[in-house]
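Given next are the chains, with one letter for each unit.
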Amino acid sequence: VLQQRPLAVHEAAASRAGDVVVRLACLAMATRFELVLHGASAPRLRAAGEEAISAIHRLEDRLSFFRARSEVGRINASAASGAVRVTPELFGLLRRARDLNAVTGGRFDITTGPLTRCWRAAHGDAAAPAAELIDAVRACVGMHLVELDEAACSIRFERPGVEIDLGAIGKGYALDEAAAVLREAGVERALLHGGTSSIYGLGAPPDGAAWNVALEWPPAAGESPRESPRERVLALVPLRDRALSVSAVWGRTYQVGNDAFAHVIDPASGLPVTGVLLAAACCSNGADADALATALLVARPGDEPIQLPQGWGAVLVTEGPSGEVSTWSKGMDLFTGSSGSNGK
Amino acid sequence: MASDREEPGAPVRELDRREFLRHGSIASMAAMMGGVELHAAARPAAAAATKRRRSDAVASIGIIGFGEWGREIAATLDRMEAARVAAVADTFPVMLQRAGRSFPGAARHEDYRALLDDASITAVIIATPTHQHRDIVIAALDAGRHVYCEAPLAHTVEDAGAIAQAAKAAQGQVFQCGLKYRTNPQHRNVFQFIRSGAIGRAVTARAQWHRKQSWRRASATTARERELNWRLDAALSPGLIGEIGIHQLDTADWVFGGLPVAVTGSGQVSHWRDGRTVPDTVQAVFEFPGGVHMTYNATLASSFDGEYDLFHGSDGTVMLRDSKAWMFREVDAPLLGWEVYARKDRFYREVGVAMVADATKLEAQGIDPTKDDPNVETPLYYALEEFVDNVLNGPFPPAAGFKQGYDATVAALKANEAITGNTRVSLDPALFAAVE
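Nothing here was measured: the structure is a model prediction, and the numbers come from that model.

1. Some thoughts on the overall build of chain B
Helix and strand counts for chain B come out as 15 helices and 16 strands. A total of 436 residues make up chain B; the buried ones form 55% of that total. Long-range contacts, defined here as pairs at least 24 residues apart, represent 70% of the contacts in chain B between residues at least 6 apart. Accessible area of chain B: about 18300 Å², with a carbon and sulfur share of 53%.

What follows is the structure, encoded as structure tokens:
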């Protein structure tokens, strides 16, 4: 999704402007994070980047759903039997997840893990999970089952079987923290991304007003192949102290019977989302952008899905029942190319 | 350990029964039962004491130095019911802002002396640059506070001696050095195992720490940046061996039960040629009494194979890695017994027998000892747990007290001298005897 070309262009401009460029990468949260830092001194940029990377690793240690020793792992192990005290940082993130759940009308939900597992288990089966099973699992899903105690800085689950997974905002949050570390270390220009789906632009490159990130069209069924790089661009998103997050359903799917299902589950119905091929969200921070992009996938085509807060932007690419592809955007411009014609 | 044994008449555990049926001999059954004890490492004294303690007492702790390690310490303490991060001191306002975000209830001070003036803080943890330890430790001890000081204690032997003497004189106050492996259950398990003769006669040891990292720090201001980069300042830095290697060297001191008599070292700036003179890659050979040598490698230029410790004996080798341990037996070594049913992991052509601390306890809790224990904490957690327990219920002699801290610091600083001078340095026993 993140086009490499603009980066190469920025690097050429950087050397003209006397900037050096340092790239760092790390593997965390089951993806590859990359930091592209611009500035005057390579050793200083690298030093700052290393600190940012260590912040990402530390967050992974704390937030990972898959590590029994992480804070999230401990919560899932014992919050059903009693309140679990958490660090103020994690509490802040949980509160934010609760607020985002409200803002998105329940579409973004950190408790959908049991439903996802239910569908994952059906992968390769002849039939979808039984409705009774889905109903039973849904009884363990929902933010109303998660009690946050502000005064005690603790979390408790209303019933056994509830669990939280911050995976859907973890990458964006990690980018926010990494950007904060970079700013503290004096870095003024950087582009950061996690697996190219969560992107943060800190400041702007020396030759432009913002980091321009190209968003590509999803490979939709029934579409004529888009050959030229220009044709493949869905939107060109300028990022200056802003984050972009992209969610798409074509990556991981479950095969049940003859149907392929998306890995994102609508918490309201307990069923995999359909209809949305790609959702992208843009706002001042990565965690919110991640949450919104995930929530947009859950939106029903045709509706204005979510009342976007001021300053947020979003793009949706949806596919109708007969394969017709349409787009919706707000606060974000679709790429029209030099010809001036809308891409779709 | 007696408490870890099974009650007479207890049903045969499922694991044993399966293995018994598979191997089908009374001898192997007996060997397995005999081997169980080796698994059952003593938990750190702190953990045992925590179980005794049922009071709601909470230690109010001040953290001096809120850099990366100080924040790790604070986050670890925050998970303990018996500890509260009550105050943070750091000379850099940005760090105090971070403290405000992470620990809104904690007092914040730019000067550590203000933190020491607060009578409600009973204990302090010092995670400042090494060369600042001496003044802060002595001021904290003078103020009557319990002190946890990160390792190494100091950047000079003289300062380390001054700290150790002050700690020794502060009767009734806890002083713990951050040699974090002394309190780590897995290290204790391995220590007991090796000291019981299970790998035969000690032959040699090898340890390494490999990471791809510049060790440089950046800041928005030049003055602050100079301050932050003390590890790259030859006049102040104990080097890789002093800042990192000290923990692995301390493990060897502990396992071998003695201190090195000489060290030969060399160091290079092999990769980070950014004007630094402090080596980014070091080698050292420590000579222990009895002709047992330990070789040590550390580099900031390659991450391959990370961090591990190997203790080679005539009957087998033990590898410590990621808070886990494995044993590799020589084919001609006598059978210990329990290894027949232990988990085995393959390392290229070798098969390692996983050494699980507290295997019998884990089984009693319904946790399969052949899987990774989800309850295992970081070495830092166990070290801080012992400190907190000691503050609340002590003082009892810590596993890593002023003497262990002093010895390890001196040996590491002398090794750094050997490394920077590309030479061999003898370690006069009188040097260690200066603090007893």
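2. Some words on the side chain of E50 of chain A
Inspection of the secondary structure assignment puts E50 of chain A in helix α2 (residues 42-63). By relative accessible area, which is 12% here, E50 of chain A ends up buried. Separated by 2.6 Å, the side chain of E50 of chain A and the backbone nitrogen of S214 of chain B make a polar contact.

3. Topic: empty space enclosed by the protein
In this structure the tally under the stated criterion is five cavities of 30 Å³ or more. Here the largest cavity defines a volume of roughly 80 Å³. Taken together, E51, V181, E184 and A185 of chain A together with F92, M95, R98, R217, A218, S219, R224 and L228 of chain B make up the full set of residues lining the largest cavity. Among the residues making up the lining of the largest cavity, the classes are represented as six nonpolar, one polar and five charged.

4. Digging into the pairing of strand β6 (residues 189-194) of chain A
Residue and element names in this part refer to chain A. Counted residue by residue, β6 has five buried out of six residues, so it is predominantly covered. The sheet contact formed by strand β2 (residues 31-39) and β6 spans six bridges and is antiparallel. Bridge assignment links L35 to a residue of β6, and that residue is L192. Of the strand pairs in this sheet, β6 and strand β7 (residues 198-202) are connected by five bridges, and their pairing is antiparallel. Within β7, the residue paired with A190 across the bridge is L202. The turn linking β6 back onto β7 is made up of three residues, and G195 within it adopts a positive phi angle of 60 degrees.

5. What to know about the interface of chain A and chain B
Contact with chain A, which involves 22 residues of that partner, is made by 30 residues of chain B. Taken over both partners, the interface formed by chain A and chain B buries close to 2200 Å², and the fraction arising from carbon and sulfur atoms is 44%. The largest share of the area that chain A buries against chain B comes from R69, R85 and E184 of chain A, three residues that together contribute 28% of it. E225 of chain B serves as the salt-bridge partner of R44 of chain A, at 2.9 Å between the closest nitrogen and oxygen. Counting every contact that joins chain A to chain B gives 10 residue pairs in polar contact (both at pLDDT 80 or more). With 10 residues, the single largest contributor to the side of chain A that touches chain B is α2 of chain A.

6. Quick notes on helix α9 (residues 185-195) of chain B
Residues and elements named next belong to chain B. Burial within α9 is extensive, with eight of its 11 residues counted as buried. Those residues of α9 that sit buried are P185, Q186, H187, R188, N189, V190, F193 and I194. Looking at the residues trailing α9, positive phi occurs at G197, about 90 degrees.

7. Here's the deal with the sheet that holds strand β10 (residues 292-299) of chain B
Residues and elements named next belong to chain B. The sheet built from 10 strands is open, its strands ordered β14-β15-β13-β12-β11-β7-β10-β9-β8-β16 with mixed pairing. Since the sheet does not close on itself, it has two edges, and those belong to β14 (344-347) and β16 (424-426), each with one partner. With direction set aside, neighbouring strand axes in the sheet form an average angle of 20 degrees. Two elements, strand β13 (residues 324-329) and strand β15 (residues 350-354), share two bridges in a ladder whose sense is antiparallel.

8. Concerning helix α5 (residues 93-102) of chain B
Where α5 of chain B is concerned, the buried positions are V94, M95, L96, R98, A99 and G100 of chain B. Looking at the buried residues of α5 of chain B, the elements they touch are α2 and α7 (167-184) of chain A together with α4 (68-78), β2 (83-89), β3 (107-109) and α10 (222-228) of chain B.

9. Brief notes about the environment of L232 of chain B
Residues and elements named next belong to chain B. If you trace the backbone, L232 turns up in the loop between α10 and α11 (239-256). For L232, a relative accessible area of 11% puts it in the buried group. Between the alpha carbons of L232 and G275 there is a distance of 9.7 Å; along the sequence they are 43 residues apart.

10. Brief notes about the sheet that holds β2 of chain B
Paired through backbone hydrogen bonds, the strands of a sheet run either parallel or antiparallel to each other. All names here are of chain B. Spatially, the six strands line up as an open sheet ordered β3-β2-β1-β4-β5-β6, and their pairing is parallel. Two strands lie at the open edges of the sheet, namely β3 and β6 (175-177), each paired on one side alone. Across this sheet, the average inter-strand angle for adjacent strands is 20 degrees, counted without regard to direction. Across the face of the sheet, helix α7 (residues 133-142) comes into contact with β1 (59-64), β4 (123-126), β5 (146-149) and β6 while running at roughly 160 degrees to β5. Across the face of the sheet, helix α13 (residues 379-393) comes into contact with β1, β2, β4, β5 and β6 while running at roughly 165 degrees to β5.

11. Here we look at the side chain of N101 of chain A
Residue and element names in this part refer to chain A. When you line up the elements, N101 lands in helix α4 (residues 88-103). Residue classification places N101 among the buried residues on the basis of a relative accessible area of 12%. Reaching out from N101, the side chain makes a polar contact with the backbone oxygen of F108 at a distance of 2.7 Å. Discounting residues that sit within four places of it in the chain, N101 has contacts with G106, R107, F108, D109 and M143.

12. Some thoughts on unusual backbone geometry
The linkage connecting A151 of chain B with the following residue, P152 of chain B, adopts the cis geometry, with an omega of -5 degrees. Residue position: P152 of chain B is located in the loop between β5 and α8 (157-169). Across the junction of G394 of chain B and P395 of chain B, the peptide omega takes the value 5 degrees, indicating a cis bond. Along the chain, P395 of chain B falls in the loop between α13 and α14 (402-421). Residues other than glycine seldom take positive phi values, yet T196 of chain A does so here, at roughly 60 degrees. Following the sequence through the fold, T196 of chain A ends up in the loop between β6 and β7. The phi dihedral of N422 of chain B falls on the positive side, at around 50 degrees, and the residue is not glycine.

Definitions and limits used
- Residues numbered from 1 in each chain as written.
- Chains lettered and ligands numbered in written order.
- Predicted model: local features only at pLDDT ≥ 70, side-chain atom pairs only at ≥ 80, totals over all residues.
- Heavy atoms only, no water.
- Helix = DSSP H or I, 4+ residues; strand = E, 2+ residues; numbered from the N terminus.
- Buried < 20%, exposed > 50% of the residue type's maximum accessible area, 1.4 Å probe, protein only.
- Contact = heavy atoms within 4.5 Å.
- Areas by Shrake-Rupley, 256 points an atom, 1.4 Å probe, with all protein chains shown as cover.
- Polar contact = N/O pair within 3.5 Å; in protein donor to acceptor, adjacent residues only side chain to side chain.
- 1 Å grid on protein atoms, 1.4 Å probe; cavity = no way out; pocket = protein on both sides within 12 Å on 5 of 7 lines; lining within 4 Å.
- Points joined across faces, edges and corners; volume = space filled by probe spheres on them.
- Nonpolar A, V, L, I, M, F, W, Y, C, P; charged D, E, K, R; others polar.
- Pairing = 2+ DSSP bridges.
- Buried area = accessible area lost by both parts, 1.4 Å probe.
- Salt bridge = Lys/Arg side-chain N within 4 Å of Asp/Glu carboxyl O.
- Axes fitted to C-alpha atoms, helices over the stretch in contact; angles between N-to-C directions.

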